[in-house]
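# A structural walkthrough
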Amino acid sequence: MGAEAGLARRPSRTEPVIATALRTADSAPAAPRPRQPSRRTVALVPWAVALAVGLWGIRREGTLWGDEAATYEIAHRSLSGIWRTLGHVDAVHGLYYLFMHAVFTLHDGGPATLRLPSVLAVSATAAGVALLGHRLVGPRAGLLAGLVLPLIPAVQRYAQEGRSYALVCALVTWGTWLLISRRWAAYTAVMLAAGLLHEFAALAVLAHGITVFRWDRAGRLPGGGPGTSPGLRRSWLVAAACVAAGLAPLAVFSLTQSSQVEWIGLPRPGQLIAFAAVAATGLACARIGTRETRTGETCAHRARTHETRTHEARTHEARTPPDLRTVALPLLLAPAGLLMAVSYLHPLYVGRYVLFQAVGLALLLGSALDRLWSRAVALVAAAAALVALFPVGLPLRTPQSRQNDVTAVSAAVAATARPGDGLLFAPARRRAWTFWHPGDYRALDDLALKRSPRASHSLYGTEQAPGEIRRRMLAHPRIVVISDLPGQPLDATAQEEIKRRTLHGYFTACGSRRVTSALITVYARAGGCPVARP
């Protein structure tokens, strides 16, 4: 018996403290808890708010910008035509074009139909963010995070664009939900779909990897015991490998079309400042929203949490989700930061490519608002929401808010040109501006065009040889030239060089008109410009 007693487990020094705390907690009267919103309310209210914000001004006065016009035109091609087009250009957007082809087959309602999938995607994102906040922090934090998401200016903008970025954001959000739920097969499928919609969604998988490794480390015992579950890291690595394998063929093929991103320059000072401001905001919210001491938290509650987590870690049965910082900060910082760093080797950074960083920002803001919640904070939050909706959100619903307005360009050309004038796109990729209102250009002679975009299964059409372009230009007394604004890089192709040389050598600029990011200039042979009246 003595030996057996000697082998018996000695009581830990912390156990009396924990036992005392538990007895004290059991004897203390329970403090009344404020009523919390239900899980259904937490999801549905942000969903409805995001839907209303997205539908507000969705037509944008019937205008489109260049990328949306490309979506509209390609999605209206036949399936075989889309497939052939992807062999020449825009393979990275192939799945999105096929999806939009199906949407337009069901209903072709112009700009509203073009943008409606993005509106619904942001609504799904808001609901997903709310549920993530509910699970990681609590009901009110989740509700606030879901309400913040659709008010972020970048989210408002891309909720009303006929491109894939809002859909990618929704898939990354629900992929994050599947990650913390450890539903690995569904997680792999959702993140692969996000990557097929846009390759840079793979950066979200890397952010999830940071989450997993920090989550696993947080679940380990001080002495180096097991993590939150026996196969957490291994399961994520397998899922990430499957996503990478699924994206590899598209990634390799899209390298053959890398000339499409040559327009991207080094990150501008304004972009660096904006990223630094967002990062600082997120880090500040992380400090506020995850303080160790919370209202109503007692020593007994902390003791119970410690005892439970220790037992779960020892038995390999822990199912506790990671803390909010572990999920939100990697999504906010890693994709944008990595893409910005890589851009100093090969420029690739464009803010919309990593729109899903807004998910991390919304989670952190919701948690901070929950932590600081009071009547004064509620009033400040309401004022900020009104600012986001009107002084910021209202201009986003005007045609002038986009980089270019192809409707305004078409109207300006129709008002400037005469029937029979020559038409020149310099560079050729600006021919995409004709997709929305092609009738405005039919009276003009496209001097460089050899085969139309649809006939050539391309995005901008194919152009004549340089000598033929020069011959056609010299045969016209007046030419309307649609080009980029001064200061933009000039394409170095033989066709573009012959356009510039012929205009400068044989024509005089009669006048120019700027329309958003387009410059419309009328050139005429010597003596062909109208004489201004005194």
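Just above, that's the structure.
Residues numbered from 1 in each chain as written. Predicted model: local features only at pLDDT ≥ 70, side-chain atom pairs only at ≥ 80, totals over all residues. Heavy atoms only, no water.

## A short note on the overall build of the protein chain
Short version of the rule: Each helix is a run of DSSP H or I of at least 4 residues and each strand a run of E of at least 2, with the numbering of both proceeding from the N terminus. The cut-offs for exposure are 20% and 50% of the maximum accessible area for each residue type, with area from a 1.4 Å probe on protein chains only; residues under the lower value are buried, those over the upper are exposed, and the others partly exposed. In this description, contact between two residues means that some pair of their heavy atoms is separated by no more than 4.5 Å. For the accessible areas, the method is Shrake-Rupley and the probe is 1.4 Å, while residue cover comes only from the protein chains on display.
Counting its regular elements, the protein chain contains 21 helices and seven strands. Burial analysis of the protein chain (534 residues in total) assigns 48% to the buried set. A separation of at least 24 residues holds for 78% of the contacts in the protein chain among residues at least 6 apart in sequence. Accessible surface computed for the protein chain: about 26200 Å², of which carbon and sulfur atoms make up 62%.

## Describing the packing of aromatic side chains
The condition is simple: Aromatic rings from Phe, Tyr and Trp, with only the six-membered ring used for Trp, were paired whenever their centres fell within 6.5 Å, and each pair was classed as stacked if the ring planes differed by under 30 degrees, edge-to-face if by over 60, and tilted otherwise. Any Lys NZ or Arg CZ that is within 6 Å of a ring centre and within 35 degrees of that ring's normal is treated as a charge sitting over the ring.
As enumerated under the stated definition, the model contains 10 aromatic pairs in all. Geometrically, the ring pair formed by Tyr 165 and Tyr 353 is tilted, given 6.2 Å between the ring centres and 35° between the ring planes. Highlighted residues: Tyr 165 in helix 10 (residues 165-181) and Tyr 353 in the loop between helix 16 (324-342) and helix 17 (357-372), separated in sequence by 188 residues. Since its relative accessible area comes to 11%, Tyr 353 is described here as buried. Look at Phe 200 and Tyr 353: their rings are 5.5 Å apart centre to centre, the planes differ by 55°, and that puts the pair in the tilted class. With Phe 200 in the loop between helix 11 (184-197) and helix 12 (202-218) and Tyr 353 in the loop between helix 16 and helix 17, this residue pair connects regions lying 153 residues apart in the sequence. By way of ring pairs, the aromatic residues Tyr 158, Tyr 165, Phe 200 and Tyr 353 are connected into one cluster. Its guanidinium or amino end placed over the ring of Trp 177, Arg 135 lies 5.5 Å from that ring's centre, counting from NZ or CZ. Cation over ring: Arg 525 sits above Phe 507, and NZ or CZ is 5.5 Å from the ring centre.

## Side note on a positive patch on the surface
Basically, it comes down to this: Residues with no salt bridge and a relative accessible area higher than 30% make up the patches, which join like charges within 9 Å and nonpolar side chains (Val, Leu, Ile, Met, Phe, Trp, Tyr) within 5 Å. By convention in these notes, a salt bridge is any Lys or Arg side-chain nitrogen within 4 Å of a carboxyl oxygen on Asp or Glu. Residues counted as positive are Lys and Arg, residues counted as negative are Asp and Glu, and His and the chain ends are not counted. Charge placement uses NZ in Lys and CZ in Arg. For Asp and Glu, CG and CD serve respectively.
Together, Arg 214, Arg 217, Arg 287 and Arg 325 make up a region of like positive charge exposed at the surface. Its place among the elements puts Arg 287 in helix 14 (residues 269-289).

## Considerations on the pattern of salt bridges
Opposite charge on two side chains permits pairing when their charged atoms draw close. Applying the stated criterion across every chain yields a total of 19 salt bridges. In this structure, the salt-bridge partner of Asp 421 is Arg 478, at a minimum N-O distance of 2.9 Å. Taken together, the residues span a long stretch of sequence, with Asp 421 in the loop between helix 19 (406-416) and strand 1 (422-426) and Arg 478 in strand 5 (residues 478-484) at a distance of 57 residues. Residue Asp 421 is classed as buried on the basis of its relative accessible area, which comes to 6%. Of the residues examined, Arg 478 reaches a relative accessible area of 10% and is grouped as buried. Linked through salt bridges whose partners overlap, the residues forming this network are Arg 431, Asp 446, Glu 463, Glu 496 and Lys 499.

## Concerning the side chain of Asp 446
Spelled out, the test is: Pairing of N or O atoms within 3.5 Å defines a polar contact, subject to two protein rules: one partner must be a possible hydrogen donor and the other a possible acceptor, and residues neighboring in sequence count only if both atoms are side-chain atoms.
With respect to the helices and strands, Asp 446 occurs in strand 2 (residues 445-446). Reaching out from Asp 446, the side chain makes a polar contact with the side chain of Arg 431 at a distance of 2.8 Å. For Asp 446, the contacting residues outside a window of four places in its chain are Leu 423, Phe 425, Arg 431 and Arg 472.

Any functional reading would require information beyond the geometric quantities listed.
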